[in-house]
Structure formats: structure tokens, C-alpha cells
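Read off the chains here:
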Amino acid sequence: MSILQEIYPLYLNNKAAQPNTDLEVTDKFTGAVAFRVAQADAATIDAGIAGAVRAAEPMARLASYERQAVLQHCVDRFKQRFDELAYALCVEAGKPIKDSEGEVGRLIDTFRIAAEEAVRMTGEVQPLDISPRAKGYQGIWKRVPIGPCSLISPFNFPLNLAAHKIAPAIAVGCPFVMKPASRTPLGAIIMGEILAETDLPEGAFSILPAHREGADLFTEDDRLKLLSFTGSPAVGWDLKAKAGKKKVILELGGNAAVIVDHDADLDDALERIIFGAFYQSGQSCIGVQRIIIHADIYDRFRDMLVARTRTLVAGDPKDRATFIGPMISEGEARRLDGWIQQAVASGATLLCGGRRDGAMLQATLLDNVDRATALYREEAFGPVALLSKFNDFNTALAEVNDSKFGLQAGIFTRDLFKMFDAWDRLEVGGVVINDVPSYRVDNMPYGGVKDSGLGREGVRFAMEDMTEIRNLVIRRR
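Residues numbered from 1 in each chain as written. Predicted model: local features only at pLDDT ≥ 70, side-chain atom pairs only at ≥ 80, totals over all residues. Heavy atoms only, no water.

Let us look at the packing of helix α3 (residues 82–93) against helix α6 (residues 186–195). α6 packs onto α3 with a crossing angle of 155° between their chain directions and a minimal axis gap of 9 Å. The angle between the axes of α3 and α6 places the two elements in the roughly antiparallel class. Note on element contacts: α6 touches α3 through L186, G187 and I190, opposite E84, L85, A88 and E92. Residue composition of the contact of α3 with α6, grouped by class: four nonpolar, one polar and two charged. (Axes fitted to C-alpha atoms, helices over the stretch in contact; angles between N-to-C directions. Helix = DSSP H or I, 4+ residues; strand = E, 2+ residues; numbered from the N terminus. Parallel < 35°, antiparallel > 145°, perpendicular 65-115°, else oblique. Contact = heavy atoms within 4.5 Å. Nonpolar A, V, L, I, M, F, W, Y, C, P; charged D, E, K, R; others polar.)

Enumeration according to the criterion identifies seven aromatic pairs in this entry. Seen from their ring centres, F420 and W423 are 6.0 Å apart, and the 50° between their planes marks the pair as tilted. With F420 and W423 both in helix α14 (residues 416–425) and three residues apart, this pair spans about one turn of that helix. The partly exposed category is assigned to F420, whose relative accessible area is 39%. An aromatic cluster is defined as three or more aromatic residues linked by ring pairs; in this entry it consists of F157, F275 and Y279. In this structure, K95 is placed above the aromatic ring of F157, and the distance from its NZ or CZ to the ring centre is 4.0 Å. Here R183 stacks its cationic end above the ring of F155, 5.9 Å away from the centre of that ring. (Phe/Tyr/Trp six-rings, centres within 6.5 Å; stacked < 30°, edge-to-face > 60°. Buried < 20%, exposed > 50% of the residue type's maximum accessible area, 1.4 Å probe, protein only. Lys NZ or Arg CZ within 6 Å of the ring centre and 35° of its normal.)

Spatially, the seven strands line up as an open sheet ordered β15-β18-β19-β14-β13-β21-β22, and their pairing is mixed. Of all the strands in the sheet, the pair left with one neighbour each is β15 (349–352) and β22 (430–433). Ignoring which end each strand starts from, the neighbouring axes of this sheet average 25° apart. The pairing of strand β13 (residues 257–260) with strand β14 (residues 290–294) spans four bridges and is classified as parallel. Across the sheet, residue V258 finds its bridge partner in β14, namely I291. Helix α11 (residues 330–345) rests against β15, β18 (364–367) and β19 (384–390) of the sheet, and its axis sits at about 25° to β18. (Pairing = 2+ DSSP bridges.)

What follows is the structure, encoded as C-alpha cells:
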């Protein structure tokens, strides 16, 4: 039996509101409407922003222990509603239930980290007497909230990626308006329901699902001091161009590569790469898309990958045996299927998979993929990975860098010098040794370079972006 309601509100200035039931959210496996959610129009979004402006001063005045208490309340309530959150995620995102439970665990971790960091924001005493003219002067700086924030989260991790925006904002005392992805709004709505149980100042938060009409206010309104967006590069860079003077943080796409050197533990690398490539149907911006394998082990490891990929269970994400669920929509599955067919027509070898049924796309491996194809150059964002071989480690590093993206890269090697060489030379935001680029812990600095974005998430680092330094200069006489 479903543990979901049929109708859900939005949250405007800390309170539930049900102006309509316009947003239909489907079960991504069956395609049936699972529930309906209220949808914000331009006037509602404007009211949310106005409330955030009014809340800026009382939010900034909250003591750090008070902000911590709000975040800890969320942690406690997420634990109590664990099964509900996981089931909602499974339905609205089509994410296998075991993976959905894992994401709820990360949601809890992220709010817990924020609760800890809320009482750790520090400044610095700085000597200014660096020359005779500054003798007798001393400086002190601290961090203060940047002000009302606009938060836009994507469909693929609708709990944890929303958490990486909401939790730091509360930790530093920033009011916010959030637009969750229209395909997966329920996780953020439940967060709003739990936040509404706290004593946050009125206007501290609004959770406002919205279609594009009127949603430009999330980007263009000058009352907002920061825009934090996670989503596709095309949309993200367009929003940055429209954002005006506000600070912009972008977490965008990738086509992440992993290098498997000749000295790697192949059994270990196999399991981690299968996870990295096909976890939640490959719909991760740090999912493994390119597998670069040393020529000495290429044939053996290719055969291992193909055999293991063919064992993956696809089907209903509510079934605990399922590893591959549906993509977010049939349209997205058709797009990626078309890229696969284009690559094969351009000379690629289809090693396994490559068949589509509605929104279900088989886990797919190819080699000999032309580097000019969309499947190589763009972000696949689905269950497909491309194999290639190398002889020289420098060539492998160059292949990783042969991308307009630069989010994370993985390297399986036992060579300490190669590890540091890769860390120095790879044009990415993070290098992961003896694991896949898909690995992330929620307190580490996470973000990309090139077309993969601007700024870093990870709770403490997001908190820095949501604050400004305020300096104090003292002349002692």
C-alpha cells in the first residue's frame, strides 16, 4: 500500500498553501500519476521573495545554537520518516528502493553536518602592522549571511541535492526560496513540512514548485543575493547570464572518466566501475561515462565488464532486487538511445545492452567510439559507458582532459607518483584514487571546472559561499 498522500501543498513563508493541484507527478516506472502538488505562479514566487527579504534580519540575528537546533530537529524527523522519504523518492524519481534508502541516509548526513558546522563559523584576528604606516592598527574579520538566497535543485538527487542548498542556508542564517525540479518535487515538500514545525522566523523559507512561467524571478530578481543552481550546463550558464549582480553557484554536468592502470586490482575496480556507471540508471553528473584501460589488461577487463553488466537486474524500482530502474522519462531514454545508435553508425562496437523499452534502457557498454560523437563529447546521463585503451599514462591523462567538462575523475593505480601527477594535471574539481569519480562524501568540497560549474558544495564550503566577510579595523591610541 502507498504511504503517499494524493495531494501535497507548496510552502510559502513557512506555511503550507494549497492554491491548486496543477502539478502532476508520475510514478516513473508505471507512468501513472502518483500524486499532485501545488504549483506556484509569479505572484506566489514574488511573495516568497518578499518574505525572505523581511526575514533576512531576524534570520541573521539567530544564535548559532538556535540554527543548530532547527537542523537537528530536521535530522530527528528525517529519521522518523525514513521509510516515507525513501518510498517517495523511489516513486517520483524511479530510483531503486535500496538506492533511495541510501539517499535518505545522505540527506540525514548532510543536515547533521550542517548542524555541527552551524556553531563552528569563525573569523580571524589579523595583524595589520605590516609597515610603519599601519603601526597600532589591528584587524578582525567575521562571516555574515549574504542575505536572501534562490535555490534550484534537480531531479536526479531530489533529497540530497536540495539538502546541500537548504542545510547550509539555515546553518549560516540565510532565508531562501527553493524551486525543486517539477518531475521530483515531493522530497523538498516534505522537507518544508518538517521545517514548518520549527520556530524559524516567518519568511525564512518557501518551497515553490513552479513551471517556467513566472520562475524567472528565481534568477532575475535583484532582491535575491545568491543563486545556487544544480542542473544541466545549458540551463545553468543561461541562468548565470540573467542573474545580474547576485552571486552565482553552479553545479552542472560532466562526462566523467576513470583510468584503470595495469597494476589495478581488477576485481575491485570491476565492482566499483559497474556501480559508478550504472547506479541509478547512470543519471548522475559524476557517473562513469568513459573507462580508459591500460592495453596490457584491456581485453581481460573488457570481458569482465561485459559479463558483469549482463547480470544487472532491471525492472520495477520498488523491487529490492532491482539495480537498473527507469530513466526519468521516455524522452530522455529516446535521446540516449539515439546517441548510442549514432555512435554505432559511426563505427563504435556495441559490447552489450543498447535496447530500450519505454523509459527503460539496458545497461550499455561500447568501445571504439568516435570522439566526435555526442555520446563521447556530451553528458550521457544514463546507463551507458565507453571503453578505450592506453599504453602511456600521460596519454590517459590527456584523454581525461579531452572534455569540455571537469567535475571529477577516478584512477585505479598503486603508483604514488602517478597519483600526484594526476592530481596536478587533471582539469577537474576532484581526483578520486582507487575508486570511481562517482564517489562523494557530503562534507568534502565538491564542484567542477570548465563547463561543469562554478563554486563548491559540501556543507562548510557552501556556507562560505552563502556568507560575506565583514572586516573590523581598530586603531589603538
